[in-house]
Amino acid sequence: MSEISVLPRIRELDAYVPGLSIPEIRQKYGLSQVIKMASNENPLGASPLAQEAVRRHASSLFRYPQGGNPRLVRALADLHAVDPRRVVAGNGSDEIIDLLIRMLAEPGRHSLVCFDPCFSIYPIQGRIAGVDVRRCPLGKDFDFDFDALLRLVDQSTRLVFITTPDNPSGYCPPREAVANLAERLAKIAPGCLLVVDEAYMDFAEDEAEASLLASGATPDNAAFLRTFSKSWGLAGLRLGYGVLPPALAEYFWRARLPFSVNILAEEAGLAALTDTAFRQATLDVVRQGRAKLRDGLTALGCTVWPSAANFLLFRLPPRAGSARDCFEALLRRGIIIRPLSSYNLPEHLRVSVGDARENAAFLAAMRDILAAPDTTERA
């Protein structure tokens, strides 16, 4: 049989590499307990009401979900006080990102613009779709230079992506700056969509102050993405949603694969939305833990960047050895954080906020590692 020919742009892609799993680390290092602080998951787990909903609806697994997820759409419209015709749901916000690119940008003709580094799905899916991907470097403190970003935009540009708070830094631009970006973009490229990915916006100290969506100010040329993977604790069920311009939302439902949001994800999402006590507890734990980790790492001499998300970006003290050695030393102690070579940040690390016990264990391990001879215990 002859070899199937794959398009060059696909052959050139690097595979997405997820963080190491708990079973992988247990097996590799012979550990009985492992703490995972690498993937920005909910430190309290999943909502008890969502778990109960999954159990309650398990007998319906042989059924297809209702087309268009109308109950979930109505609940999300109520949550954000928007017209239900603007709300779409997907198999994670990744599906929505992918569909927006394929709906709006033609291969070989159109471009998308994003920062570098950024959430890798934007450039990866752009390249898969055959779209010209233009990337603007972040500022030295991981801030956004919107002037430089807009200089990459021309009449071929159909999408501009920003993440706020950003990943991997946690930087959150002022709400007014994002509104101004949308206004300027509409003048430069009237057919271009600004995609504002607010996956981590829940964790900002004042969401209404930080978010255009939460403030009720939603420009006509902007789409807003949210996820159930973080504060709602449903990463394993893959559920995301967007608030789009109404006409674009209508086309989204035409283009989305049927039943991409499964029954259990929808029922868990609906239940999670009612569990306000769990969500508030999550926000409290993350905000308190974020401050604890920031202060603890700073006291150890690390450089820690301000974050409005549920993670912190940091760099080791001078002469403390490499980030990779520190990452490996933590693994040997059963603690997984995220090395950032894939973001082209080989000397930086990212740690997710855990619960109080996990945060304390991480800081204790960091004290041991930084105090050890050669600081990062090179093997």
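Just so you know, these numbers come straight off a predicted model, no measurement behind them. (Residues numbered from 1 in each chain as written. Predicted model: local features only at pLDDT ≥ 70, side-chain atom pairs only at ≥ 80, totals over all residues. Heavy atoms only, no water.)

A. Representation of the overall build of the protein within the structure. Along the protein, the regular secondary structure elements total 15 helices and 13 strands. Its C-alpha atoms give the protein a radius of gyration of 21 Å, near enough to 21 Å, the size a compact globule of 379 residues would have. On the principal axes, the C-alpha backbone points of the protein span a range of 60 × 60 × 50 Å. Long-range contacts, defined here as pairs at least 24 residues apart, represent 73% of the contacts in the protein between residues at least 6 apart. (Helix = DSSP H or I, 4+ residues; strand = E, 2+ residues; numbered from the N terminus. Rg over C-alpha atoms; globule rule 2.2 N^0.38 Å. Contact = heavy atoms within 4.5 Å.)

B. Region of interest: the pairing of strand 10 (residues 311-315). With 4 of its 5 residues buried, strand 10 lies for the most part within the structure. Adjacent in sequence and paired antiparallel, strand 9 (residues 303-304) and strand 10 are bridged by 6 residues. Pairing analysis gives 5 bridges linking strand 10 to strand 13 (residues 348-352), with the strands arranged antiparallel. Along strand 13, the bridge assignment pairs L313 with R350. (Buried < 20%, exposed > 50% of the residue type's maximum accessible area, 1.4 Å probe, protein only. Pairing = 2+ DSSP bridges.)

C. Highlighting the packing of aromatic side chains. This model, assessed by the stated rule, comprises 13 aromatic pairs. Summarising the aromatic geometry, the rings of Y64 and F259 are spaced 4.7 Å apart at their centres and angled 25° between planes, so their arrangement reads as stacked. In this pair, Y64 is assigned in the loop between helix 3 (48-56) and helix 4 (70-80) and F259 in the loop between helix 11 (246-255) and helix 12 (263-274), connecting sequence segments 195 residues apart. Take F259: its relative accessible area is 38%, and that puts it in the partly exposed class. The interplanar angle of 75° and the centroid separation of 5.1 Å between the aromatic rings of F144 and Y171 together place this pair among those described as edge-to-face. One end of the pair, F144, is in the loop between strand 4 (132-137) and helix 7 (146-151); the other, Y171, is in the loop between strand 5 (157-163) and helix 8 (175-188), with 27 residues separating them in the sequence. Clustering of aromatic rings is evident, with ring pairs tying together F115, F144, F146 and Y171. The lysine or arginine in question, R350, covers the ring of F311, its NZ or CZ lying 5.5 Å from the ring centre. (Phe/Tyr/Trp six-rings, centres within 6.5 Å; stacked < 30°, edge-to-face > 60°. Lys NZ or Arg CZ within 6 Å of the ring centre and 35° of its normal.)

D. Quick look at the nonpolar core. In this structure, L72, F115, L149, V160, I162, L194 and F228 are the most contacted members of the largest nonpolar core, which totals 50 residues. Sorting elements by how many residues they give to this core places helix 12 first, with 5 residues. Sequence-distant contacts of F115, defined by excluding residues within four places in its chain, comprise R135, C136, P137, L138, F144, D145, F146, L149, F161 and I162. Residues I25, L293, V304 and L330 belong to the second largest nonpolar core, which totals 31 residues. (Core = buried A, V, L, I, M, F, W, Y, C linked by side-chain atoms within 4.5 Å.)

E. Local environment of the environment of G191. Considering the arrangement of structural elements, one finds G191 in the loop between helix 8 and strand 6 (193-197). Of the residues examined, G191 reaches a relative accessible area of 48% and is grouped as partly exposed. In this structure, the C-alpha to C-alpha distance between G191 and L104, residues 87 residues apart in sequence, is 9.3 Å.

F. Broad picture of helix 11. Those residues of helix 11 lying buried are L248, A249 and F252. An end-on view of helix 11 places all buried positions within 100° of arc, on one side of the element. Buried-residue contacts for helix 11 involve strand 2 (87-90), helix 5 (92-104) and strand 6. (Arc of directions from axis to C-beta.)

G. Region of the structure containing the sheet that holds strand 13. Across the sheet, which stays open at both edges, the 4 strands sit in the order 9-10-13-12 with antiparallel pairing between neighbours. The sheet is open, and its two borders are formed by strand 9 and strand 12 (338-339), each paired with just one other strand. Here 2 bridges tie strand 12 to strand 13, and the two strands are oriented antiparallel to one another. Bridge pairing links R338 to R350 in strand 13.

H. A look at the environment of T303. Inspection of the secondary structure puts T303 in strand 9. For the pair T303 and P317, spaced 14 residues apart in sequence, the C-alpha to C-alpha distance is 6.9 Å. Setting aside residues no more than four positions away along its own chain, T303 makes contact with L313, F314 and R315.

I. Broad picture of unusual backbone geometry. The linkage connecting D116 with the following residue, P117, adopts the cis geometry, with an omega of 5°. Within the secondary structure, P117 is located in the loop between strand 3 (111-116) and helix 6 (121-128). The omega torsion of the bond from N167 to P168 falls at 25°, within 30 degrees of zero and hence cis. Mapped onto the elements of the fold, P168 is located in the loop between strand 5 and helix 8. A positive phi angle is found at R238, which is not glycine, with a value near 55°. Topologically, R238 is positioned in the loop between strand 7 (222-227) and strand 8 (240-243). Here R319, not a glycine, exhibits a phi torsion of approximately 65°, which is positive. Looking at where R319 falls in the secondary structure, it is placed in the loop between strand 10 and helix 14 (323-332).

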